[in-house]
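Spelled out, the chains give:
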Amino acid sequence: MWEDMKIGSAFLVHLFDKPLPVETDFHLLFGRKGDSDRLPGPDDGVVTVKSATRKEATAEAASVHACPTCTHRGIKQDKEPLERIMDILDDAWDGAAAASAAVQPPGG
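The structure displayed is predicted, hence computed values, not measured ones.

1. Observations concerning the state of the cysteines
- Enumeration over the complete set of coordinates arrives at one disulfide.
- The disulfide bridge from Cys67 ends at Cys70, spanning 2.1 Å between sulfur atoms. Disulfide Cys67-Cys70: torsion about the S-S bond near 60°, hence right-handed.
- Of the residues examined, Cys70 reaches a relative accessible area of 1% and is grouped as buried.

Structure follows, in structure tokens:
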């Protein structure tokens, strides 16, 4: 796995060769509060913002959300991204309920 995650690996180079299925909503959330002196530019302490926001990823994303107070490990505990995830799930639930109601037969 570590070899696959190296910059320039075959896995990363070809990661976006095949688009996601159209029925898949992909939401991109990433942290920006890094302090790694080993990484060029803004980062979350492990992944650079440039890498997290590759043009192929942002092009496929239904939404893109940066968390300025999140580190790589802390993003799963920070309140802001968790609230964003809940908003995404609420919207998906509401959309699924509306779609289901639209296909219900009269009186059914």
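2. Let's talk about the side chain of Ser9
- In this structure, Ser9 sits in the segment before helix 1 (10–13).
- For Ser9, a relative accessible area of 9% gives the class buried.
- In this structure, Ser9 is in contact with Glu3 and Asp4, ignoring residues within four places of it in sequence.

3. Observations concerning the nonpolar core
- By size, the foremost hydrophobic cluster in this structure holds six residues: Leu28, Phe30, Val49, Ala52, Ala57 and Ala61.
- For this core, the elements supplying multiple residues, two or more each, are strand 1 (27–31) and helix 2 (49–52).

4. Points about the environment of Cys70
- Among the structural elements, Cys70 can be located in the loop between strand 2 (63–67) and helix 4 (79–102).
- The contact partners of Cys70, leaving out residues within four places of it in the chain, are Gly31, Arg32, Lys33, Asp44, Ile75, Asp78 and Pro81.

5. A short note on a negative patch on the surface
- A cluster of acidic side chains, namely Asp87, Asp90, Asp91 and Asp94, defines a negative patch on the protein surface.
- Its location among the elements puts Asp91 in helix 4.

6. Description of the pattern of salt bridges
- Tallied over the full model, the rule gives three salt bridges.
- Between Lys6 and Glu3 there is a salt bridge, and its shortest N-O distance comes to 3.3 Å.
- Glu3 gets classed as exposed once you look at its relative accessible area, which sits at 55%.
- In this structure, Lys79 engages Glu83 in a salt bridge whose closest nitrogen and oxygen atoms are separated by 3.7 Å. Of this pair, Lys79 and Glu83 both sit in helix 4, four residues apart, which is roughly one turn of the helix.

7. Regarding the environment of Ala52
- Tracing the sequence through the fold places Ala52 in helix 2.
- Apart from residues no more than four positions distant in its own chain, Ala52 is found in contact with Leu28, Phe30, Val47 and Ala57.

8. Some details on helix 4
- A rise of 1.5 Å per residue sets the reference length of helix 4, with its 24 residues, at 34 Å; its end C-alpha atoms lie 34 Å apart and thus fit the reference within 8%.
- Between the side-chain oxygen at the start of helix 4 and the backbone nitrogen of Glu80 there is a gap of 3.0 Å, and the oxygen is on Asp78.

9. Quick notes on a nonpolar patch on the surface
- Together, Met1, Trp2, Met5, Phe11 and Leu15 line one region of the surface with nonpolar side chains, adding up to about 610 Å² of accessible area.
- With respect to the secondary-structure elements, Phe11 resides in helix 1.
- A relative accessible area of 39% means that Phe11 is categorised as partly exposed.

Calculation criteria
Residues numbered from 1 in each chain as written. Predicted model: local features only at pLDDT ≥ 70, side-chain atom pairs only at ≥ 80, totals over all residues. Heavy atoms only, no water. Disulfide = S-S within 2.5 Å. Buried < 20%, exposed > 50% of the residue type's maximum accessible area, 1.4 Å probe, protein only. Helix = DSSP H or I, 4+ residues; strand = E, 2+ residues; numbered from the N terminus. Contact = heavy atoms within 4.5 Å. Core = buried A, V, L, I, M, F, W, Y, C linked by side-chain atoms within 4.5 Å. Patch = residues over 30% accessible without salt bridge, like charges linked within 9 Å, V, L, I, M, F, W, Y side chains within 5 Å. Areas by Shrake-Rupley, 256 points an atom, 1.4 Å probe, with all protein chains shown as cover. Salt bridge = Lys/Arg side-chain N within 4 Å of Asp/Glu carboxyl O. Lys, Arg positive; Asp, Glu negative; His and termini not counted. Charge placed at Lys NZ, Arg CZ, Asp CG, Glu CD. Expected span 1.5 Å × (residues − 1). Polar contact = N/O pair within 3.5 Å; in protein donor to acceptor, adjacent residues only side chain to side chain.

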